[in-house]
Every structure is written in structure tokens, then in C-alpha cells.
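Descriptive structure summary
Each chain is listed here by its residues.
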Amino acid sequence: MSSDTGHHTVIVWFRRDLRIADNPALLWASQTGRSVLPVFILDEETEDCVLGAASHWWLHGSLEALASRFEALNSRLVLRRGPASSVLSDLISETGAGTVVWNRLYEPRTMERDRQIKAELKGGGLEIRSFNASLLHEPWEICTGGNRPYQVFTPFWRACLERGHAAPDGSVSCLCSPDVWPPGASLDDWTLRPDNPDWAGGLRQIWQPGETGAEDRLACFIQTALENYSAGRDRPGEPLTSFLSPHLRFGEIGPRQVAAAIGACVAGQNGEAFVRELGWREFSHHLLYHNPEMETVNIRSQFDRMEWREDPDALRQWQRGKTGYPLVDAGMRELWSTGWMHNRVRMVVASFLIKHLLIDWRRGAEWFVDTLVDADRANNSAGWQWVAGSGADAAPYFRIFNPVAQSERFDANGHYLRQWLPELRALPVRHLHAPWKAPRDILRDADVILGETWPHPIVDHAMARKRALNAYHRTRDSH
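Please read these numbers as outputs of a predicted model, since none were measured by experiment.

This brings us to the side chain of Arg 249. Along the polypeptide, Arg 249 turns up in helix H10 (residues 245-249). Within the buried set, Arg 249 has no salt-bridge partner at all; the shortest N-O distance to an opposite charge, 6.1 Å, is to Asp 376. With sequence-adjacent residues up to four places away left out, Arg 249 is seen in contact with Arg 16, Leu 51, Ser 55, Val 373, Asp 374, Ala 375 and Asp 376.

See below:
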């Protein structure tokens, strides 16, 4: 391609905005009338693509789906691997492109990389544009009257609602293609999906990565679950959540699209409750932007003195769903099988690791990053710090979930436990939540042998609660 011709090419750098609709960078490029070169770069040197195993599985499917969408537009998605700065420089040299556009990301290391790339490319005479596609509001837009970042969710979300947010952009219906396409990598060569062993069977059964999968999930939620969302969203045994989190994480659908679709319904309290969950996602990104080390550093510094226990065996039992507490183990098995976990159960299993086992919240956050298909780093670290009490607007340190009481309250009929704990399915529901308390004849009739087919609890709740409170009190007193 000649330099004159190439200068009319716009490179659209895809990251976590793997969709055609409501994609402001792609829409802007399409409206220039110039040739559009869509590119995805697997940059494993930056947080952008440092993903866990489950997220790698999802990324493969999402890129596959996006490539199909571009084919339907008589275009294509070019795949490259390597440091984004070098790859973009190569593509510019190969095509003579004069413009590079992308949608912004907000993790600190990713933002620093993007700033450097922007400066380098502008210094080389290129036109650079970036857009917001992943949040309702930029993290720096919402601030207190004193021009400080919010530390508490409720006033933050009130400020967001008062500000309002933009409607989603339309979809792109046609693209001008370059005269010559630069070569790209084969998606299969990236080996993002497991082969030997293939542990992703459970993921394949329930997930459809890609923009169509996201649209279908949203439509299904509105049609079948939204009207009962507010009352039922805490019950893991009922399908009343949207399952949109991995689609949002990879940008297969944007929050403006979701909010607009919910707003178009006569949703009332249920719609408000659901959109408020989008608000927690916004708040998490707000916190990470203003606390760049939040993934590894306590927001509340007094928790730096917390006396965490090093207990690899207990950590492993928690990871494998073998703690002896049914709700905790059901959640961890759901996670391992599907790459996802109900939000109420996420809070319970996190509280158990942190407060029953006194294991550092960072160990749990690391496990979630590796095993969740929706492993959004802002949401993940904000959630773990909330449970630990070390974050902004966090749960009080003395809030220690009783896993049996939580199970009895939110899975009273035992549907969730029976789904994920086949060895307990024959137990009557009154004994299902705490098998170790069941009479011997009940256990025998249900073929449950404590210590063999079902583990004894690895820690006593009352003892663990007292131990955690003592540790937290020492931390507070030393501060």
C-alpha cells in the first residue's frame, strides 16, 4: 500500500470493547469515510491481557465472535501478539496509516502504557483519538463538592444519577476496507483454550461469548427475571441474575446499552435495583483510578498490621470446595465448573476465607482472577477489600457471615446446594445446611459419611468468629 493511500487508513485498536454496537471508536472511524483496519493485540506485558485461565477461554470465544461480525461487514479483525507499542508501530509502517483510535481502559498500568503510546504516535505525526466505551462516567468526572474522589458508594451513585449519562451509540452497518490487508495471527495458534486436560466443559455448557451472547443474555433477563430481581437477586438457587458480568468485562455489551434497555422497560424498583449494580461497577473503577495500588494494597492502612495466617492446606480446601460448609463449598464448585459465582455466595466465600480462616484477602483475589470469566480487576479488588473491611465504604470488620445462617436464609429449599453438592442431595433440607449436626440415622439413610463422603468443617464457626474479632481488635488497637 502506498503512503498516500495508507494515510487514509484508520487503525481501530480493540481491547476490552469486543463489539460492533455502541463502540464509539469504531463508529468514529466508520464515519470518516476512510479505510478502517480493526486490530486486536494480545499484549501480555501489560495488565490489558494478563488474564487468568478462565478469562483466556472466554477471550478466544469473544474474538472468534467479533471476527465473524467483521466478516459480515466485509471486513476482518487482524490479530497480533506482542507489546502494543511495537505492534502498532509495525502496523503503521506496513500500512502507512495516519490515525489510530481506541476506547479507553482505566487500570493504572494500562493507562500509563496508553499515555506513552499516545505521546509516541503523536510525536510521529499521527492523529490519535480515544473514547469512553466501558463506563457510564469517566472515573475523574464524579467528585465531591470539594473536588475530591468519593469514598462512599451512596453519595457517589447519587451524583452519577444527578449527572445522567449518554445514550448508547448506534451500530456500524458498513466499513471501508484497506486495499491490502496486513497479515495477522491465527487465533488457534494462541492456544487460549485448554487442550490437555480440557477442563472447560462446564464453561461451554452455559456460556456463549461474544456480542450475540451478550444481547441474548440481556433480552432473556428482561423477559424472564427482571420483574422479580429486587426480591430474588440474593437467592442463588433461582435464575434471577442477569449473568451479564463476563460480557461487560470483555466489552461485548456496554453499560449504556444495558441501562438503556432496562430504562425502556416499566421496571420500577427492580430496574432501579439492577442499574444500581452497574453503579457498583462504576464505583469500583472510580476507586481503582484514585487508588492505583488497590489490587495489592489496603486502602485503609491500619489493615497493613493485620495478622494473617499462612495455611496452605486450608487455602487449598477452600479452593477445592472442601471446607465442610455446604454453601461455601457449593460456591467454590460452581466457580470451578462454570467460571462464575452468584454474588451473594461470593460474599460468603470471601468472608469465610478472610474471617473464618484468617487468610489474606489477596490470596482469594488471586484465585478469583484465575478462575472467573468475569475477572474485572477493579470489581474484584474492590469486592475483596469490601469484605475484608480494608477498602473504601467497606463492610465493618465485625460483620462475619455465618455460612450456615446465610445458607438457610438465601437457599432455604436447598436448590443451590443440591445442584453443586451431589453427595448431600439425599439429605432432608433441615439437615442440608449443616450436615455435621444431622443424626446418625439420617446421615446413614442419605449415604453421607462424615470425614469420608463429606468433610468435617475445617473450622468451628464460633471459634473462628472469636479469633477473627480478636485479630481485628488488635489491628485497630495497634493503629
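After presenting the structure, the write-up continues.
Moving on: the layout of surface pockets. Taken as a whole, the largest pocket holds about 1300 Å³ of empty space. Lining the largest pocket are 44 residues, and of these Glu 277, Trp 280, Arg 281, Asn 343 and Arg 346 sit closest to its centre. For the lining of the largest pocket, the secondary structure elements donating two or more residues are H10, helix H12 (268-290), helix H15 (343-356) and helix H17 (377-388). Residue contributions to the lining of the largest pocket peak at nine residues, all from H12.

Moving on to the sheet that holds strand S3 (residues 78-81). Spatial strand order, S3-S2-S1-S4-S5: five strands in an open sheet with parallel pairing. The open sheet terminates on both sides in strands that have one partner only, identified here as S3 and strand S5 (127-131). Neighbour-to-neighbour, the strand axes of this sheet turn through a mean angle of 25°, independent of strand direction. Here strand S4 (residues 99-103) pairs with S5 via five bridges, running parallel. Pairing of Thr 99 across the sheet is with Glu 127, part of S5.

Another point: unusual backbone geometry. With omega at 5°, the peptide bond leading from Asn 196 into Pro 197 counts as cis. When you line up the elements, Pro 197 lands in the loop between helix H6 (153-163) and helix H7 (201-206). Positive phi, normally seen in glycine, also occurs at Asn 74, with a value near 60°. Among the residues examined, Asn 74 registers a relative accessible area of 66% and is labelled exposed. Its identity as a non-glycine residue notwithstanding, Leu 358 has a phi of 55°, on the positive side. According to the relative accessible area criterion, Leu 358 is buried, its value standing at 4%.

The buried fraction of S4 amounts to five of the five residues, a majority that puts the element mostly inside the structure. Burial of the side chains of S4 extends over both faces: Thr 99, Val 101 and Asn 103 are buried on one face and Val 100 and Trp 102 on the other. Taken together, the four bridges between strand S1 (residues 9-14) and S4 define a ladder with parallel strand orientation. Counterpart to Val 12 in the pairing with S4 is Val 101. Remark: the S4/helix H5 (residues 108-123)/S5 crossover connection has right-handed handedness.

Counting 58 residues, the largest nonpolar core has Trp 318, Phe 368 and Trp 384 as its most contacted members. At the level of elements, helix H13 (312-320), helix H14 (326-338), H15, helix H16 (361-371), H17, helix H19 (415-420), helix H21 (440-445) and helix H22 (461-478) are the ones that each hand at least two residues to this core. If one sorts the elements of this core by residue count, H15 sits on top with eight residues. The residues contacting Trp 384, other than those within four sequence positions of it, are Trp 318, Ala 350, Leu 353, Ile 354, Trp 361, Gly 364, Ala 365 and Phe 368. One finds Ala 54, Leu 73, Val 101 and Trp 190 within the second-largest nonpolar core, a separate group that totals 37 residues.

Looking now at the confidence of the model for the protein. Keep in mind that low pLDDT regions are not for reading the predicted coordinates in detail. Per-residue pLDDT for the protein averages 94, and the proportion of residues at 70 or more is 97%. The low-confidence segment residues 1-5, where pLDDT is below 50, has nine contacts with residues more than four positions distant or belonging to other chains.

With six of six residues buried, S1 is to be regarded as a mostly interior element. Covered by surrounding structure in S1 are Thr 9, Ile 11 and Trp 13 together with Val 10, Val 12 and Phe 14, the residues of both alternating faces. Relative to strand S2 (residues 35-42), S1 runs parallel, the two sharing six bridges. Note that in S2 the partner of Ile 11 across the bridge is Leu 37. Of the crossover connections in this fold, the one passing from S1 over helix H2 (residues 24-31) to the parallel S2 is right-handed.

Conventions and cut-offs
Residues numbered from 1 in each chain as written. Predicted model: local features only at pLDDT ≥ 70, side-chain atom pairs only at ≥ 80, totals over all residues. Heavy atoms only, no water. Helix = DSSP H or I, 4+ residues; strand = E, 2+ residues; numbered from the N terminus. Buried < 20%, exposed > 50% of the residue type's maximum accessible area, 1.4 Å probe, protein only. Lys, Arg positive; Asp, Glu negative; His and termini not counted. Salt bridge = Lys/Arg side-chain N within 4 Å of Asp/Glu carboxyl O. Contact = heavy atoms within 4.5 Å. 1 Å grid on protein atoms, 1.4 Å probe; cavity = no way out; pocket = protein on both sides within 12 Å on 5 of 7 lines; lining within 4 Å. Points joined across faces, edges and corners; volume = space filled by probe spheres on them. Pairing = 2+ DSSP bridges. Axes fitted to C-alpha atoms, helices over the stretch in contact; angles between N-to-C directions. Right-handed = clockwise from strand over helix to strand, strands pointing away. Core = buried A, V, L, I, M, F, W, Y, C linked by side-chain atoms within 4.5 Å. pLDDT = per-residue confidence, 0-100.

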